[in-house]
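# Descriptive analysis of the structure
Each chain is listed here by its residues.
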Amino acid sequence: MKRVIHLIPFDGIGGVESAAHTMNNVSNADIKFEIFYIFKKQVSKRNFLSSLSLKKILDGVFKLYKKKPDLVIVSLWRSCIVAILLKIIRPKTKIVLFLHYPHHYHFADMIFTKIALFICDSVWADSSDTLNSRAPTYPHEKSNVISFIARRLEAKKHNNDPKPNFIFWGRLHEQKCIHRAIEIFSSIKSHFHNATYTLIGPDGGELPSLIKQVDKLGLKNAVNFIGPKDLDSIIELSEKTSFYLQTSKLEGMAMSVVEAMQLGIIPIVTPVGEIKNYCVNGVNSIIISDDDSAVSSVNNLLNNTNLYLDIRNNCVKKWQNHEIYSESVIRAAKKILKIK
């Protein structure tokens, strides 16, 4: 049996970690999967340097070396450092660089990802957009796009009339540009006074300023910050929700958008990363080109039940019978390990 380890910096609740966790309950006769975290917990921006602890990095290399994995899947730039060192001392270990964003996030990300790209045996990506942007010259036969549908979801029970209830789940991070989403929601609420916006997820450094913005706009009774929840809890909280509102400036596949669509929640999203390739404005989503147009489109759907239901049905149909993450990872891992 081949040993495959997915190397991740922290045990967080982002899309990378959530997808990786779905492998925990997957049994396969040929491969044993394991998740390995370099650091015990995710650090705040203030303690950024603690996530570059040489001791922790070397300790991670040593522990991985002792495990003698056949394949190491490397997600996010901190993991690249460990993988590069492991490849130097144990060259026979196969390394997969797993890319999750279509652009480098900062200088360190660029440097260590480029080095990992040079030493790896294969490249995986969460979408075609990410693969083409980050590794445009990498050999096609040695790369794979991995499905970022964590699991198949059933569309939630639904009342026929659309409700001005909005939801978001993910990190409250500057990348998500949540301030813009709250401004859009505020404009919608001026037309629909019973509108609500539920934001689920851990603070990624933005929560204090978001709370101030909500107070300034007089939205305290309409905008709720719930904190992190597991997917089953999110599904329950979304039961009476009609729209998923996300205004990210950077995304890869955007797992939460796909989950929302499977549940029959219409996404109102910016066309970043792979989103622009699976969300079609007026067909299965509302694409935000400018805020005023997006508000107008939402108002139109809230006043047009038939159009709302058509778009909702298209959301659900988009991902039916699609390969899920665990199936995709097993397929790609077997290819590298030459398992038939």
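Here the residue numbering is sequential within each chain, running from 1 through the sequence in written order. Local features in a predicted model are, by the rule used here, given only for residues with pLDDT of at least 70; side-chain atom pairs are given and counted only at 80 or more, and totals for whole chains, interfaces and linings are based on all residues. Based on all heavy atoms of the structure, the side-chain values leave hydrogens and waters out of the count.

Interaxial angles span 0 to 180 degrees and are taken between N-to-C directions of axes, which are lines fitted to C-alpha atoms, for helices over the stretch in contact. For helices the rule is a DSSP run of H or I covering at least 4 residues; for strands it is a run of E covering at least 2, with both sets numbered from the N terminus onward. The contact between helix α6 (residues 178-189) and helix α7 (residues 207-216) brings their axes to 10 Å, and the two run at 15°. By the angle class used here, α6 and α7 are roughly parallel. The crossing of α6 and α7 is right-handed. When α6 is examined against α7, the residues I178, H179, I182 and E183 are found in contact with a partner set consisting of S209, L210, Q213 and V214. Amino acids are sorted into nonpolar (Ala, Val, Leu, Ile, Met, Phe, Trp, Tyr, Cys and Pro), charged (Asp, Glu, Lys and Arg) and polar (every other residue, Gly among them). Partitioning the contact of α6 with α7 into residue classes produces four nonpolar, three polar and one charged. Here the word oblique covers every angle except those under 35 degrees (roughly parallel), over 145 (roughly antiparallel) and from 65 to 115 (roughly perpendicular). Crossings are assigned a handedness: left-handed for a near helix turned anticlockwise from the far helix by less than a right angle, right-handed for a clockwise turn. Should any heavy atoms of two residues lie within 4.5 Å, those residues are counted as being in contact.

Below, the discussion takes up helix α13 (residues 325-337). By this rule, a helix spans an expected 1.5 Å times one less than how many residues it contains. Over its 13 residues, α13 runs 18 Å from end to end, which matches the ideal 18 Å to within 8%, given 1.5 Å per residue. Taken across its 13 residues, α13 has 10 buried, putting it largely inside the fold. Those residues of α13 that sit buried are Y325, S326, S328, V329, I330, A332, A333, K334, I336 and L337. The positive-phi residue at the C-terminal boundary of α13 is K338, with phi of around 55°. Think of it in three bands: with a 1.4 Å probe and only protein chains considered, a residue is buried below 20% of the maximum accessible area for its type, exposed above 50%, and partly exposed in between.

Before going further, it helps to examine the confidence of the model for the protein chain. By definition, pLDDT measures how confident the predictor is in each residue, and it falls between 0 and 100. Considering every residue of the protein chain, the mean pLDDT works out to 92; 95% of them sit at 70 or more. Per-residue pLDDT stays below 50 along residues 45-49; that stretch engages in five contacts with residues further than four places along the chain or on separate chains.

A few words on the sheet that holds strand β7 (residues 165-169). Only strands that DSSP links by at least two bridges are regarded as paired with each other. Judged by pairing direction, the sheet is parallel, and its six strands sit side by side in the order β9-β8-β7-β10-β11-β12 without closing on themselves. Pairing within the sheet leaves two strands with one partner each, and these edge strands are β9 (223-227) and β12 (286-287). Of the strand pairs in this sheet, β7 and strand β8 (residues 196-200) are connected by five bridges, and their pairing is parallel. Among the inter-strand pairings, W169 is bridged to a residue of β8, identified as I200.

The criterion for an aromatic pair is that two Phe, Tyr or Trp rings (for Trp, the six-membered ring) have centres within 6.5 Å, with stacked assigned to planes under 30 degrees apart, edge-to-face to planes over 60 apart and tilted to the rest. Tallied over the entire structure, the rule returns 12 aromatic pairs. Pairing F98 with W124 gives two aromatic rings, centres 5.7 Å apart and planes at 80°, and the pair type is edge-to-face. Here W124 lies in strand β5 (residues 122-125) and F98 lies in strand β4 (residues 94-99), a separation of 26 residues in the sequence. With centroids separated by 5.9 Å and ring planes inclined at 65°, the aromatic side chains of F243 and Y308 adopt a geometry described as edge-to-face. One end of the pair, F243, is in strand β10 (residues 243-246); the other, Y308, is in helix α12 (residues 305-318), and 65 residues separate them in sequence. For F243, a relative accessible area of 0% gives the class buried. For Y308, a relative accessible area of 0% corresponds to the buried category. An aromatic cluster is defined as three or more aromatic residues linked by ring pairs; in this entry it consists of F166, F185, Y197, F243 and Y308. Charge-over-ring contacts are defined here by two conditions on Lys NZ or Arg CZ: a distance within 6 Å of the ring centre and an angle within 35 degrees of the ring normal. It is K318 that lies over the ring of W319; its NZ or CZ is 5.7 Å from the centre.

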